[in-house]
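Chain by chain, the residues run as shown.
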Amino acid sequence: MIVGTAGHIDHGKTALVRALTGVETDRLAEEKARGITIELGFAYADLGGGTVTGFVDVPGHEKFVHTMLAGAGGIDMALLVVAADDGIMPQTREHLAILDLLGISRGMVALTKADLALPDRIARLEAEIAALLAPTGLAGAPVFAVSALTGAGIDPLRVALMQAETETAIRATEARFRMAIDRSFTLAGTGTVVTGTVLSGRVAVGDQIVISPSGLAARVRGIHAQNRKAGEGLAGQRCALNLAGEGVARDAIHRGDVALDPVLHAPSQRIDVALRVLGTEPKALTTWFPARLHLGAAETGVRVVPLEGPIAPGAERLAQLVLDRPLAATAGERFILRDVSARRTIGGGRLIDLRAPARHRARPERLAALRAMAMPDPARALTALADLTVIDLNGFARDRALALPELDRAVTASGVATIPGSRQALAPARLDALREAMQAELAAFHAENADLQGVGREKLRLMLTPRLPKADFAALLRAEAEAGRIALDGAFIRLPGHLPRLSPEDEALLELILPRLSGEERFRPPRVRDFAHEFGAGETEVRRILRMAARQGRLDQIAHDHFFARATTVEMVGIIRDLGARSSDGWFTAPAFRDRVQNGRKVAIQILDFFDKLGLTLRRGDLRRINPHRIDLFTPDGQGGQP
C-alpha cells in the first residue's frame with residue numbers, strides 16, 4: 001500500500017511520517033535548514049502486519065503544489081494532515097480538492113500537534129473536518145488526534161493503517177507495465193536509477209522497457225520494490241529501477257516520464273476528457289482556455305476546448321485538452337488543471353480518448369462515442385462503442401494498457417463481432433448490415449454497368465458505411481470471397497454469378513473476330529492491332545472487347561497482344577500432355593512444342609509462359625512438364641483436353 005500525505009505547510013506531515021516509520025523524509029540540506037519539505041520524500045515501514053507500507057511525503061507550500069501532484073498519483077490512501085493549533089488552512093482545502101479530483105476515496109485524517117490544543121478545540125476541529133470532507137470522496141474518513149512530539153495517538157493511527165494495508169485491493173498486475181517516474185539519479189557503481197509508483201502490470205529484472213514520451217529504450221538491471229531488493233516490481237508498489245542501455249542517463253530521463261511496456265509507447269498531444277471545474281472558479285471555462293496540466297508526475301501547458309459549451313464552476317462536461325508537448329498517458333487516468341500562474345487549482349477529471357480529432361470534435365455522434373469510451377469496464381465500453389463506430393482493438397488495448405488475455409476476455413464478454421484476419425470490431429448487426437450493403441451495391445452496379453467486370457476495390461470501400469481502413473477492408477473482402485459471397489477479380493470486386501455482357505455493337509465486332517481465331521490460324525492468330533486495322537476499329541476498343549470475352553471464358557489472353565479461343569487453349573493443353581507422355585521422364589522442350597503448333601519461337605514461348613503462370617506447367621531451365629495437380633484447369637473432366 002502507498003500512503004500519500006496532504007495538507008498545509010508546517011502542519012507536521014514530515015514529523016508524522018517520522019513518528020510512524022522512524023524515517024526522516026526531508027533529505028535535502030535546504031529542507032532541513034528551512035524546516036519545510038521542498039521535494040518528495042519517501043519512507044517505508046512494516047507497521048506490524050508483515051508487509052511494507054510506503055509513505056510519500058509531499059510539500060504543503062503553495063509554491064510546491066506541482067511537486068505534491070507528482071507524488072499524489074498512484075497512492076492507495078490519503079493521509080490528510082491538519083494541525084490542531086492552525087486548523088483548516090488554504091492548502092488543506094486545495095490538497096483535499098486535488099485528492100477528490102484524483103478520485104481518491106480511501107483516507108484518514110491526522111489532527112497533528114494535538115498536545116497544543118484543548119479537548120474542546122479538538123472536538124470543534126473534528127466537526128469542521130467532517131463537514132469539509134462531506135462533499136468529497138473522503139467523506140466519513142476517521143480522524144486521529146496525534147502528537148509526533150509526545151507520541152500520543154500514533155499507535156492507534158498505526159493500527160488503523162495496518163488494517164487498511166490488509167484491505168488494499170491488489171492492483172491490475174495482469175495489465176501491461178507502467179511506472180510513473182518522479183526521480184532520476186545516478187549511484188556510484190550502479191548507474192542510472194529511476195523511482196516511481198508502478199501503476200499497472202509488473203516488471204522483472206532483464207525486461208526491456210521504454211521511457212515515454214521520449215521513446216528511450218532501456219533494460220532493467222535491478223529492482224528495489226518498497227525499499228527492498230526484488231526480482232520483480234508489481235502494481236501498487238514504489239520501485240527503484242536500475243536501468244541500462246544506449247543513451248540511458250540521469251539527464252535523459254525526467255520527472256513525469258513513464259517507464260512502460262514498449263507496446264504502450266504512443267505519446268498523446270490531443271486528448272478528450274471528462275473535466276470537472278471546481279466551484280471556486282470565478283467564471284466558466286471557454287474555448288482555448290489556457291491552463292497547466294498535471295498528469296501523474298508530468299506537467300505541461302494546455303489549451304482547454306469545451307465540447308458541450310462553456311463549463312461553469314461546479315459543472316462537469318466533456319472537453320478536449322490540446323497539450324504543448326506530447327505526454328505518455330493511459331485512458332482512465334486522472335489529471336489536474338491549475339492556472340498558468342500556478343496559484344490555484346481549476347479542476348480535473350479523467351482521460352477518455354488519447355487520439356482525439358482536431359476536426360468535428362463536438363458532433364453529436366462524436367460525443368456519444370466519448371461517453372461510451374468513458375466507461376471504465378472494457379467489455380461495457382466495447383459493447384457501447386461497437387454500436388457507434390468501428391473499433392481498432394489493438395489501439396483500444398494499448399490506450400487502456402490491457403494485456404492480450406484481458407482484451408480477449410473483454411471482447412468475448414462484450415459480444416462484439418470481429419472481421420476475420422483483422423483487428424477491427426463492431427456490433428454483429430452492423431457487420432451484417434455492412435455485408436448486406438456490399439451485396440446491394442454490387443448488384444446495383446452490375447445492373448447499371450452490365451458490360452463492366454466489377455467495382456474497383458477502393459471505390460467499393462468508399463461506397464460503404466462504416467468506412468473501414470484499407471487493410472481491414474481487404475481482410476473483409478478476403479473473408480467474403482472465401483465464404484463465396486463475392487468474387488475477387490484482380491483489382492475488381494463482383495458478385496459470383498456476374499459476367500460482363502457485351503453490347504450489341506461489341507458482340508457484332510466479336511463475331512467478326514472469332515472465325516479468325518479458329519481453323520488453320522488458331523495457333524498463330526492475328527494480333528490486336530491487326531484486327532483493329534482489318535475491321536476499322538480502335539485498337540483500345542478491340543482489346544477491351546477481347547478482354548471481356550476472356551472474362552466470359554470464351555477466349556484466353558496469352559500475351560498483351562495475342563488472344564486465343566478457349567477451345568484452342570484446351571487443344572494446346574492436350575498437346576503438352578502428349579509431349580510429356582512421349583518423353584521418358586515427362587519433360588519436354590519449347591522447340592518441341594513450337595514444332596507441334598507450327599508457330600514462331602516468340603509466340604510459342606509466350607504460350608508456355610502463360611501456362612507457367614497458371615501453374616499448369618512446371619519449368620526447370622529450358623525444360624517443362626505438366627503439373628498433375630493443375631491438369632483439370634481447362635479440362636474439368638481431367639482428361640487433358642485431347643482433341
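Computed from a predicted structure; not experimentally measured. (Residues numbered from 1 in each chain as written. Predicted model: local features only at pLDDT ≥ 70, side-chain atom pairs only at ≥ 80, totals over all residues. Heavy atoms only, no water.)

Undergrad: Before we go on, may I ask you to explain the packing of helix H8 (residues 378-386) against helix H10 (residues 404-414) in this structure?
TA: The geometry of H8 relative to H10 is characterised by a closest axis approach of 8 Å and an angle of 50° between their N-to-C directions. As the angle between them shows, H8 and H10 are arranged oblique. By crossing handedness, the relation of H8 to H10 is classed as right-handed. Contacts from Pro378, Ala379, Leu382 and Thr383 in H8 reach Ala410, Val411, Ala413 and Ser414 in H10. Taken together, the residues that form the contact of H8 with H10 break down as 6 nonpolar, 2 polar and no charged. (Axes fitted to C-alpha atoms, helices over the stretch in contact; angles between N-to-C directions. Helix = DSSP H or I, 4+ residues; strand = E, 2+ residues; numbered from the N terminus. Parallel < 35°, antiparallel > 145°, perpendicular 65-115°, else oblique. Left-handed = near helix turned anticlockwise from the far one by under 90°. Contact = heavy atoms within 4.5 Å. Nonpolar A, V, L, I, M, F, W, Y, C, P; charged D, E, K, R; others polar.)

Undergrad: Just to check I follow, could you spell out the pairing of strand E17 (residues 289-295) for this structure?
TA: The two faces of a sheet get side chains in turn, since along a regular strand they alternate between them. Most of E17 is tucked away, with 5 of its 7 residues classed as buried. Note that E17 and strand E18 (residues 298-306) share 7 bridges and pair antiparallel. Considered in E18, the bridge of Phe289 is made with Val304. Between E17 and E18, which pair antiparallel one after the other, the connecting turn spans 2 residues, and Gly296 there sits at a positive phi close to 60°. Here E17 runs beside strand E20 (residues 334-338); their pairing, made up of 4 bridges, is antiparallel. Paired with His294 across the two strands is Ile336, which belongs to E20. (Buried < 20%, exposed > 50% of the residue type's maximum accessible area, 1.4 Å probe, protein only. Pairing = 2+ DSSP bridges.)

Undergrad: Mind showing me how you'd approach the packing of helix H17 (residues 566-582) against helix H19 (residues 601-614) here?
TA: Relative orientation and spacing of two packed helices are given, respectively, by the angle between their axes and the distance between those axes. Between H17 and H19, the shortest axis-to-axis distance is 12 Å and the interhelical angle comes to 90°. Put simply, H17 runs roughly perpendicular to H19. Of H19, the residues touching H17 (which contributes Thr569, Met572, Val573 and Ile576) are Ile607, Leu608, Phe610 and Phe611. Class assignment for the residues of the contact of H17 with H19 results in 7 nonpolar, 1 polar and no charged.

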